[in-house]
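A closer look at the structure
Spelled out, the chains give:
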Amino acid sequence: MAGHDAHGGSDTGAAFAGLIGGAIFIGAILYGIVLWTNDRFAGHKAEKPAAAAASVPSAMG
């Protein structure tokens, strides 16, 4: 049971490729969700603003 000896070298390149590829994949999914959401709400009208909130004078000054 000697030490573990890796005969293939480093996997750093594969790790960075997976990191960058995963980030691009997740970014594409999020971008698609944004486009889909914008498309779903494109026909909705903005609501009219409610009456202005009443201002309560401060007791401190």
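Calculation criteria
- Along each chain, residues carry numbers from 1 onward, in the same order as the chain's sequence is written.
- Local features in this predicted model are restricted to residues whose pLDDT is 70 or higher, and side-chain atom pairs enter the listing and the counts only when it is 80 or higher, whereas totals over whole chains, interfaces and linings include all residues.
- With hydrogens and water excluded, all non-hydrogen atoms of the structure serve as input to the side-chain values.
- Strands are runs of DSSP state E lasting at least two residues, helices are runs of H or I lasting at least four, and both sets are numbered from the N terminus onward.
- Only protein chains enter the accessibility calculation, which uses a 1.4 Å probe; a residue whose area is less than 20% of its type maximum is buried, one above 50% is exposed, and one in between is partly exposed.
- Note on areas: these come from Shrake-Rupley sampling with a 1.4 Å probe, and a residue is covered only by the protein chains present in the view.
- Like charges within 9 Å and nonpolar side chains (Val, Leu, Ile, Met, Phe, Trp, Tyr) within 5 Å are joined into patches, using only residues over 30% in relative accessible area that form no salt bridge.
- Each reported salt bridge corresponds to a side-chain nitrogen of Lys or Arg within 4 Å of a carboxyl oxygen of Asp or Glu.

Further remarks concern the overall build of the protein chain. Along the backbone of the protein chain there are 1 helix and 0 strands. Relative to its 61 residues, the protein chain shows a buried fraction of 0%. Looking at the protein chain as shown, the accessible area adds up to about 6,200 Å², and 66% of this sits on carbon and sulfur atoms.

Looking now at a nonpolar patch on the surface. On the surface, Phe 25, Ile 26, Ile 29, Leu 30 and Ile 33 cluster together to form a nonpolar patch covering roughly 500 Å² of accessible area. Tracing the backbone shows Ile 33 in helix 1 (residues 12-40). Among the residues examined, Ile 33 registers a relative accessible area of 43% and is labelled partly exposed.

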